[in-house]
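Next come the chains, spelled out residue by residue.
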Amino acid sequence: MKSSIVIGAGMVGLSTAWHLQEHGVEVTVIDQGGVAAGSSWGNAGWLTPGMTMPLADTSVWTYGPGSLVNPNAPLHVPFRPDPKLWEFFARFVSHGTQKAWDRTMSALTPIDRVALDAFDELTGNGVDAWTREGPFVVGFEKEKQVGGFIEELKHVAAHGQEVPLERLSDPRSLVPQLSDSLEAVYRLDGQRFIEPGPFVRALGDAVRERGATFAFGLPVTSVEVAGKPTVTTAHGQRYTADSVVIATGAWLPRLARRFGVRTLVEAGRGYSFTVASEPPIEYPVYFPSRRIACTPYQGRFRIAGTMEFRGPDEPLQAGRIDSIIRTSRGLFTGLDLDARENEWVGSRPVTPDGLPLIGATNTPGVFVAGGHGMWGIVLGPATGRFLAEQMLTGRVAPEIVPFNPLR
């Protein structure tokens, strides 16, 4: 029987482990924390292929400079001496053109189109969790903000996806807590959402029940290849298998760089917290101009937002939570934003060109799966499906050809 080590127990790593098991591979999963210990836990849990689009667009030239001086900006880069971060940011901004956006969107669309089917494959085959249809409620404080969002969705549709959008005459029939100050509210259909922590835990349970070995609390210090790949942890444990998958999110470069993965990966940190709502809010809510994404979560309401470029191990910055709170007060009524729970920051792995890193490295037996930015949740199961196929058959599915980690 073939064997594989998957480093990383988030959505991407566990999906890859599950699909390797589908091919009869004996799997060991190693993580420095545990299942969903990183960005797979506190995100919005959106399964929105219709909004899985490049982060860098033409507006980056407008908000980009302001993000350097305004700590409350939806996208924030701290102004400090960090040559690697500035190199990343320069490359990121260089992709803020319509031509680059279309090129990236064209590359993402094929995997976007199979993303929901990949979730159904998991939940239909032993993963005891749910995905739920929207609608997604999309709100705008000013009528003039609507045009840019609609134009983005038109570009997404032009690349081959369906993104049904309809203006609501009575938006508070769906979300009673929406502020009357919103000038325009729409519903977006054809998308789903999950409770990300519980879903990834259920996926982990399924992988374990199918015979995987889990080793948690073990930071991996090196991956060596002398014959078969060998993984060494900070505690001195050594694990050897026929192959290894590096799926460590924003920490991916620490292990993958020596295997020819040169694309920069920075931690685009997102924040979230939950609040009570009465009555409970049933549908996800999005405010595009504020970059605030909200989701029903275990009887409460999760409010998530911001993209902050800092080191993945840096502590939570309370000012970013405060910024989300200040913004949210004008968007909702009846939410007690001072009674927050589950304050969280998670490091999402962002690449300058907005494309993931999925596939073989320059060393036989070593593979990577990461760099999904904000889209690791929605694209995780499809990533695992296609990567496992490549690992076992050598075939690179068309859906992941643009994501060559050696590009």
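Preceding this section is the structure that the text describes.
In this report, we go over the structure that sits alongside the text.

### Focus: the overall build of the protein
The number of helices and strands found in the protein is ten helices and 21 strands. Relative to a compact globule of 407 residues, whose C-alpha radius of gyration would be 22 Å, the protein shows 20 Å and is just as compact. Expressed as lengths along the three principal axes of its C-alpha atoms, the size of the protein is roughly 65 × 45 × 40 Å. Counting over 407 residues, the protein shows a buried share of 58%. Considering only intrachain contacts with a sequence separation of at least 6, the fraction spanning at least 24 residues in the protein is 76%. Counting only carbon and sulfur atoms, one obtains 50% of the accessible surface of the protein, whose full area is about 15,900 Å². One finds the centroid of the 38 positive side-chain charges in the protein at a distance of 6 Å from the centroid of its 42 negative side-chain charges.

### Some details on the packing of helix H5 (residues 115-123) against helix H10 (residues 376-393)
Between H5 and H10, whose axes approach to 8 Å, the crossing angle comes to 70 degrees. Considered as vectors, H5 and H10 are oriented roughly perpendicular to each other. Where H5 abuts H10, its residues Ala115, Asp117, Ala118, Phe119, Glu121 and Leu122 lie against Ile377, Val378, Leu379, Pro381, Ala382 and Arg385. Across the contact of H5 with H10, the residue classes tally to nine nonpolar, no polar and three charged.

### Brief notes about the packing of aromatic side chains
Here the structure, examined in full by the defined rule, presents 18 aromatic pairs. Geometrically, the ring pair formed by Phe88 and Phe309 is tilted, given 5.2 Å between the ring centres and 50 degrees between the ring planes. Note that Phe88 is positioned in helix H3 (residues 83-94) and Phe309 in strand E18 (residues 300-309), a separation of 221 residues in sequence. Each member of the pair, Phe88 as well as Phe309, carries the same accessibility label: buried. A cation over an aromatic ring shows up here: Arg132 above the ring of Trp130, its NZ or CZ 3.8 Å from the ring centre. Lying across the ring of Phe273, Arg340 places its NZ or CZ 5.9 Å from the centre.

### Quick word on the pairing of strand E2 (residues 26-31)
Counting buried residues in E2 gives five out of six residues, a clear majority hidden from the surface. By the bridge criterion, five bridges tie strand E1 (residues 3-7) to E2 in an arrangement that is parallel. By the bridge assignment for E2, Val6 is matched with Val29. For the handedness criterion, the β-α-β arrangement of E1, helix H1 (residues 11-22) and E2 is classed as right-handed. Pairing between E2 and strand E10 (residues 213-216): four bridges, direction parallel. Its bridge partner lying in E10, Val29 is registered against Phe214.

### Regarding helix H4 (residues 98-112)
Compared with the 21 Å implied by 1.5 Å per residue over 15 residues, the 20 Å span of H4 between its first and last C-alpha is a close match. Of all bends in H4, the biggest is about 25 degrees, found at Ser106, and the proline Pro110 comes one to four residues later. For H4, every residue scored as buried is listed here: Ala100, Trp101, Thr104, Met105, Ala107, Leu108, Thr109, Ile111 and Asp112.

### Considerations on the sheet that holds strand E20 (residues 357-360)
Ordered by their spatial adjacency, six strands build an open sheet running E10-E2-E1-E14-E21-E20, and the pairing between neighbours is mixed. The open sheet terminates on both sides in strands that have one partner only, identified here as E10 and E20. Strand-to-strand twist of the sheet, defined as the mean angle between neighbouring strand axes without regard to direction, takes the value 15 degrees. With three bridges connecting them, strand E14 (residues 243-246) and strand E21 (residues 366-370) associate as parallel partners. Residue pairing in the sheet places Val244 in a bridge with Val366 of E21. Of the strands in this sheet, E1, E2, E10, E14 and E21 touch H1, which is tilted by about 170 degrees from E2.

Cut-off values and rules
Residues numbered from 1 in each chain as written. Predicted model: local features only at pLDDT ≥ 70, side-chain atom pairs only at ≥ 80, totals over all residues. Heavy atoms only, no water. Helix = DSSP H or I, 4+ residues; strand = E, 2+ residues; numbered from the N terminus. Rg over C-alpha atoms; globule rule 2.2 N^0.38 Å. Buried < 20%, exposed > 50% of the residue type's maximum accessible area, 1.4 Å probe, protein only. Contact = heavy atoms within 4.5 Å. Areas by Shrake-Rupley, 256 points an atom, 1.4 Å probe, with all protein chains shown as cover. Lys, Arg positive; Asp, Glu negative; His and termini not counted. Charge placed at Lys NZ, Arg CZ, Asp CG, Glu CD. Axes fitted to C-alpha atoms, helices over the stretch in contact; angles between N-to-C directions. Parallel < 35°, antiparallel > 145°, perpendicular 65-115°, else oblique. Nonpolar A, V, L, I, M, F, W, Y, C, P; charged D, E, K, R; others polar. Phe/Tyr/Trp six-rings, centres within 6.5 Å; stacked < 30°, edge-to-face > 60°. Lys NZ or Arg CZ within 6 Å of the ring centre and 35° of its normal. Pairing = 2+ DSSP bridges. Right-handed = clockwise from strand over helix to strand, strands pointing away. Expected span 1.5 Å × (residues − 1). Bend = angle between axes of the 7 residues up to and from the residue.

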